[in-house]
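The lines below spell out each chain.
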Amino acid sequence: MLYSGGETDKHEHGWGLAIYEGRGLRTFHDPLPAAKSRIADFVSQYPIQTLNMMAHIRYATQGTVSLENVHPFQREMWGIQWSFAHNGEVPKFTGKDFKKFPRLGRCKELFYYPVGETDSEAVFCAILNALRAEFPILPTLPNLYETIQRLCAEIVEGEEDTTILNFLLGCGKFTQFAYSWPGKRPGSKVWNGLFYTIRKPPFATATLKDVDYAVDFTTCTNPNDRVAVIATAPLTSNEEWREFKKGELLMFDNGWGYSELYDCHEVEQQGRGLVSNNMPKQCGGCPQAQSGFNAPTLLRNLVDEYFREQGQADSSSSSSSSLEDKYPSFSAK
């Protein structure tokens with residue numbers, strides 16, 4: 001990030017870092033380019049150990065080059081520290097008084113307001129206002145995933161060709177959501193999307209693309225580690241990076257990315273859902289993720305039922321079907 005922030009790249013309008021430490025959130029921000037920032041020099045020597053973090057280097061398209069416009073932004077909601085970083089352009093949240101921006105979901109009144117001038121912070125506040133209106137108690141991860149997906153669709157709807165919405169949303173020490181609606185700005189050849197890679201044992205050496213530098217991860221990891229890295233472009237030349245699909249939302253936890261409600265439920269069952277000392281929590285709350293829900297058992301039952309029906313079918317029938325045809329929600333991934 002140091003080199004990309006104003007030395008090997010044009011993102012020279014500030015940088016920020018948000019690191020979850022237990023229930024706390026340690027943040028660093030500077031409107032100077034990361035390559036010239038003394039704060040960045042300090043942070044580069046800081047021993048970071050975390051389960052969840054995000055960093056951002058800014059190329060200003062809206063708002064002045066100033067501290068209040070530097071990502072990641074943060075707010076407290078439900079006794080949880082939320083953080084947000086965005087890349088793109090959101091016409092619905094550009095160039096107006098915040099009170100005149102669309103209200104998402106069930107939001108009737110505003111509680112969170114932007115401090116700076118960016119569409120990014122306005123979107124963050126709009127999402128939080130909608131979540132606060134939607135859930136009087138702490139939601140489960142499946143319900144939170146579904147709601148964020150719906151809010152993203154509202155933001156993009158009607159401005160599909162001009163909206164670029166790529167963001168990271170941190171909500172506590174375990175969980176980070178990432179969403180991508182990619183695109184190019186008018187007159188630009190730069191593709192703005194999201195990519196991710198998962199580093200897991202056996203670890204190897206990763207070579208950066210924009211500078212002559214490599215990191216040997218065997219020296220700073222252990223056999224139980226797994227790390228998901230999300231970026232607007234692949235950062236390394238010798239790792240496999242997967243690009244987000246258009247409109248895709250992933251929930252990252254413990255080094256994996258999830259997009260199925262039953263996966264979100266299983267993460268919840270492991271005790272890695274939202275954590276608050278001040279809010280009661282939902283139980284169940286999702287038709288596909290009720291108490292006692294067991295994804296492997298359900299999938300085995302679907303397979304057994306499919307083959308039982310196949311065995312009972314008329315052997316002379318020329319028609320054929322697949323498991324995906326009969327159960328559209330079932331697919332191997």
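Heads up: the structure comes first, above all this text.
Being a predicted model, the structure only gives us computed values, none of them experimental. (Residues numbered from 1 in each chain as written. Predicted model: local features only at pLDDT ≥ 70, side-chain atom pairs only at ≥ 80, totals over all residues. Heavy atoms only, no water.)

We now examine helix 3 (residues 141–156). Counted at 1.5 Å a residue, the expected span for helix 3 with its 16 residues is 22 Å, and the 23 Å between its end C-alpha atoms agrees. Looking at helix 3, one finds that the buried residues are Leu 141, Pro 142, Asn 143, Leu 144, Tyr 145, Thr 147, Ile 148, Leu 151, Cys 152, Ile 155 and Val 156. (Helix = DSSP H or I, 4+ residues; strand = E, 2+ residues; numbered from the N terminus. Expected span 1.5 Å × (residues − 1). Buried < 20%, exposed > 50% of the residue type's maximum accessible area, 1.4 Å probe, protein only.)

Scanning the entire structure with this criterion turns up 16 aromatic pairs. On the numbers, 5.2 Å between centres and 35° between planes, the contact of Phe 84 with Phe 167 is tilted. With Phe 84 in strand 5 (residues 80–89) and Phe 167 in strand 6 (residues 164–171), this pair connects stretches of sequence that are 83 residues apart. Taken together through their ring pairs, the aromatic side chains of Phe 84, Phe 124, Phe 167 and Tyr 179 make up a single cluster. Of note, Arg 132 hangs over the ring of Phe 111, and the distance from its end group to the ring centre comes to 3.8 Å. (Phe/Tyr/Trp six-rings, centres within 6.5 Å; stacked < 30°, edge-to-face > 60°. Lys NZ or Arg CZ within 6 Å of the ring centre and 35° of its normal.)

Turning next to the sheet that holds strand 1 (residues 15–21). The strand order across the open sheet built from three strands is 2-1-3, with neighbouring strands paired in antiparallel fashion. Two strands in the sheet have a free side with no partner beyond their single neighbour: strand 2 (24–30) and strand 3 (53–57). Direction aside, neighbouring strands of the sheet carry axes that sit 10° apart on average. In the sheet, strand 1 pairs with strand 2 via seven bridges, with the strands oriented antiparallel. Paired with Leu 17 across the bridge in strand 2 is Phe 28. (Pairing = 2+ DSSP bridges. Axes fitted to C-alpha atoms, helices over the stretch in contact; angles between N-to-C directions.)

Let us look at the sheet that holds strand 4 (residues 73–77). Spatial strand order, 4-5-6-7-13-14: six strands in an open sheet with antiparallel pairing. Each having just a single partner strand, strand 4 and strand 14 (256–258) make up the two edges of the open sheet. Averaged over all pairs of adjacent strands, the angle between strand axes in this sheet comes to 25°, irrespective of strand direction. In terms of strand pairing, strand 7 (residues 176–181) meets strand 13 (residues 248–253) through five bridges, oriented antiparallel. Looking at strand 13, one finds that Tyr 179 is bridged to Leu 249.

A separate point is the pairing of strand 1. Burial within strand 1 is extensive, with six of its seven residues counted as buried. Looking at chain direction, strand 1 and strand 3 are connected through five bridges and run antiparallel. Note on strand 3: the bridge partner recorded for Gly 16 is His 56.

Within strand 13, six of the six residues are buried, which leaves it mostly tucked inside the rest of the structure. Of the two faces of strand 13, the one carrying Glu 248, Leu 250 and Phe 252 and the one carrying Leu 249, Met 251 and Asp 253 are both buried. In this structure, strand 13 lies alongside strand 14, joined through three bridges in antiparallel fashion. Note on strand 14: the bridge partner recorded for Phe 252 is Gly 257.

A word on the nonpolar core. Residues Trp 82 and Leu 131 are the most contacted members of the largest nonpolar core, which totals 47 residues. Counting only elements with at least two residues in this core, the list comes to strand 4, strand 5, helix 2 (119–134), helix 3, strand 6, strand 7, strand 13 and helix 4 (261–269). Considering each element in turn, this core owes the most residues, nine residues, to helix 2. Once residues lying within four places of it in the same chain are set aside, the contact partners of Leu 131 are Met 77, Trp 78, Trp 82, Leu 144, Thr 147, Ile 148 and Leu 151. One finds Leu 25, Met 54, Ala 178 and Ile 230 within the second-largest nonpolar core, a separate group that totals 13 residues. (Core = buried A, V, L, I, M, F, W, Y, C linked by side-chain atoms within 4.5 Å. Contact = heavy atoms within 4.5 Å.)

Okay, the side chain of Ser 83 next. Structurally, the position occupied by Ser 83 is in strand 5. The buried category is assigned to Ser 83, whose relative accessible area is 0%. Engagement of the side chain of Ser 83 in a polar contact is seen with the side chain of Tyr 20, the distance being 3.0 Å. Non-local contacts of Ser 83, meaning those with residues more than four positions away in its chain, are made with Ala 18, Tyr 20, Leu 25, Met 54, Phe 73, Gln 74, Phe 124, Leu 168, Leu 169 and Gly 170. (Polar contact = N/O pair within 3.5 Å; in protein donor to acceptor, adjacent residues only side chain to side chain.)

This part covers unusual backbone geometry. In this structure, the amide linkage connecting His 71 to the following residue, Pro 72, adopts the cis form with an omega of -10°. Summarising the element assignment, Pro 72 is placed in the loop between strand 3 and strand 4. Cis geometry marks the peptide bond from Pro 201 to Pro 202; its omega dihedral reads -5°. Assignment of secondary structure puts Pro 202 in the loop between strand 8 (195–199) and strand 9 (205–207).

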